[in-house]
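Descriptive analysis of the structure
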Amino acid sequence: MGDVDVIVIGGGLAGLRAARDLAERGYATIVLESRDRVGGRGLTTRLGGHTVELGGSWFTPEHELVLQELRRYRLEVRDYAPLRHARWLTDGRLRHGLPVPIEQLGALEAALLQLARDAAAYAAGETALGECSAAEYVERLHPSPALRDFLYGWWQLMGGAPPHRGAIADTLSSIAAHGGLAGLVTCLAHGPACGWSALAGSLAAADGMRVQLDTTVTAVIQDGDGVTCTTTSGSRITARAAVIAVPINCLDAIEFSPPLPEPAREAAGANVGSAVKVLMLTRGVAPRGIAVGVGPGLNWLYADQEIDGETLVVGFGWDDPAFDPSDRGHVERALGAFYPEGELVEWRHHDWLRDPCSRGTWLTAPADNAGLVDPTRFRPAGRLVFAGSDVAAEEAGWFEGALRSGALAAADVTTMLSGANPPTGSAPLRAPEGASP
């Protein structure tokens, strides 16, 4: 017998959901989390009068498990108001109305139609369409400089990596899932009013939960009877099974014995997500708008609500040596390129790329080898089961995907420990009692 029935490595939403479900089924479970907090790549803070997210922000109307969890813990949902205005920074010019000169309107329409066709074909199984980089795909459309900048700006919303590094698969799958480029904005409809950290905290505080913070696992050893995890402090914890719920870029920081299966080993470090997110408290910026294009450090900006005369602007860019999100001057230039009328009051950011507990941002497939992040690479291996938004079979990269994968991991471990057939990684999703399926 081990110290516990199940060890869950990683206290993000996936690991917490898996642990909560297992605890409810009577299994003694412990969550080992490297950070001094739970929540993974969800991190809520305050900026002025705003509750802000340094990590993931939104969930879509289709994300049923997120909504179920928020309702379960009586956490309010914030519905984002419809957009009222948009502007574009293309070919070095700030534009209102069309994102390209009017004589290029036909080329813009043709490009959007081609994107829609390719997205539908990709969703229908023509996955080879998604292998090339976003940059290669855009060049095949023979864009003008303005059209190229417009498309790159939209890529920023979907792909968390520079266009030459990320596979166009992320764009095509998002377009297909959300009804076109316009749907990519309208799907950003909801968020937890108190933040994702509040949801993570509620999961961690559920009955039967045991969470150990500031605990980094360095080695995982399997034998015929169970699993032993060794931490940086030298302590060892044994269990009958383990859930590996860390980002795939952190897998190579853990020594597995025996080694992980080759498909999982190949995927370690394959997420090229390298987005930069800057939260800017501003004056003079009209709320409820977007600004898209290619600017000095940021490429997609969302002007959120206004509180006490200050508008929160959320800006996204890619990791770029020329842009330092901790430098006020750099952030002011990035904001001013899109909102020259705006004044930067205060700002926040978190460096997820250099955070040793994440080593990257949301899942972005690498160009020319998108299959490296195929979720089928992470089937259960011996007494190990995988979870996390990086390995989710559905809604990968979203918190919904994290919750789904955590629920499936718990189902697989339950099957394993109950002595039934070996887990397959495709157990049916089980909604919490009393929740709608």
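**Quick notes on the overall build of the protein chain**
Counting its secondary structure elements, the protein chain contains 11 helices and 20 strands. For a compact globule of 437 residues, the expected C-alpha radius of gyration is about 22 Å, and the protein chain comes in at 22 Å, within 12% of that figure. C-alpha extents for the protein chain along the principal axes are approximately 70 × 50 × 40 Å. For the protein chain, buried positions account for 57% of its 437 residues.

**Things to note about the sheet that holds strand β9 (residues 211-212)**
Pairing within the open sheet is parallel, and its five strands lie in the order β9-β2-β1-β13-β20. The open sheet terminates on both sides in strands that have one partner only, identified here as β9 and β20 (384-386). Strand direction decides the pairing type here: strand β2 (residues 29-32) and β9, joined by two bridges, are parallel. Residue pairing for β9: Val31 is matched across the bridge by Val211.

**Considerations on the pairing of strand β10 (residues 217-222)**
Here five bridges tie β10 to strand β11 (residues 227-231), and the two strands are oriented antiparallel to one another. Bridging from a neighbouring strand, Gln222 pairs with Val227 of β11. What sits between β10 and β11 in their antiparallel hairpin is a turn of four residues. Across three bridges, the pairing between β10 and strand β14 (residues 255-257) is parallel. Its bridge partner being in β14, Ile221 is matched across the sheet by Ser257.

**Here we look at the packing of aromatic side chains**
One pair of aromatic rings is described through two measures. These are the centre distance and the angle between the planes. As enumerated under the stated definition, the model contains 11 aromatic pairs in all. For the ring pair Trp58 and Tyr80, a centre distance of 6.1 Å and an interplane angle of 65° mean the geometry is edge-to-face. Of this pair, Trp58 sits in the loop between β4 (50-53) and α2 (64-72) while Tyr80 sits in the loop between β5 (77-79) and β6 (85-90), and the two are 22 residues apart along the sequence. Residue Tyr80 is classed as buried on the basis of its relative accessible area, which comes to 19%. With centroids separated by 6.1 Å and ring planes inclined at 80°, the aromatic side chains of Phe316 and Trp362 adopt a geometry described as edge-to-face. Of this pair, Phe316 sits in strand β18 (residues 310-318) while Trp362 sits in the loop between β19 (343-348) and β20; the two residues are 46 residues apart in sequence, bridging distant segments of the chain. Here Phe316 falls in the buried class, since its relative accessible area comes to 7%.

**A word on the nonpolar core**
Judged by nonpolar contacts, the single largest core of 79 residues is most densely connected at Ile7, Ile9, Trp154, Val220 and Trp300. It is helix α5 (residues 145-158) that provides the largest number of residues to this core, a total of nine residues. The residues touching Ile9, leaving out its near neighbours within four places in the chain, are Leu32, Val217, Val220, Cys229, Val243, Ile244, Ala245, Val246 and Ile254. Core analysis: the next-biggest nonpolar cluster, separate from the first, contains 37 residues, Phe59, Met209, Ala245 and Leu417 among them.

**Quick word on α5**
Since one α-helical turn is 3.6 residues long, residues separated by three or four positions face the same way. Its 14 residues give α5 an end-to-end C-alpha distance of 20 Å, which sits within 8% of 20 Å, the value for a rise of 1.5 Å per residue. Most of α5 is tucked away: 12 of the 14 residues are buried. For α5, every residue scored as buried is listed here: Ala146, Leu147, Asp149, Phe150, Leu151, Tyr152, Gly153, Trp154, Trp155, Gln156, Leu157 and Met158.

**Description of the confidence of the model for the protein chain**
Close reading of the predicted structure is inappropriate where its pLDDT is low. Summarising the model, the protein chain shows a mean pLDDT of 92, and 95% of its residues fall at 70 or more. Segment residues 420-437 is flagged for pLDDT under 50; beyond a separation of four residues in sequence, or across chains, it makes 33 contacts in the model.

What counts and what doesn't
- Residues numbered from 1 in each chain as written.
- Predicted model: local features only at pLDDT ≥ 70, side-chain atom pairs only at ≥ 80, totals over all residues.
- Heavy atoms only, no water.
- Helix = DSSP H or I, 4+ residues; strand = E, 2+ residues; numbered from the N terminus.
- Rg over C-alpha atoms; globule rule 2.2 N^0.38 Å.
- Buried < 20%, exposed > 50% of the residue type's maximum accessible area, 1.4 Å probe, protein only.
- Pairing = 2+ DSSP bridges.
- Phe/Tyr/Trp six-rings, centres within 6.5 Å; stacked < 30°, edge-to-face > 60°.
- Core = buried A, V, L, I, M, F, W, Y, C linked by side-chain atoms within 4.5 Å.
- Contact = heavy atoms within 4.5 Å.
- Expected span 1.5 Å × (residues − 1).
- pLDDT = per-residue confidence, 0-100.

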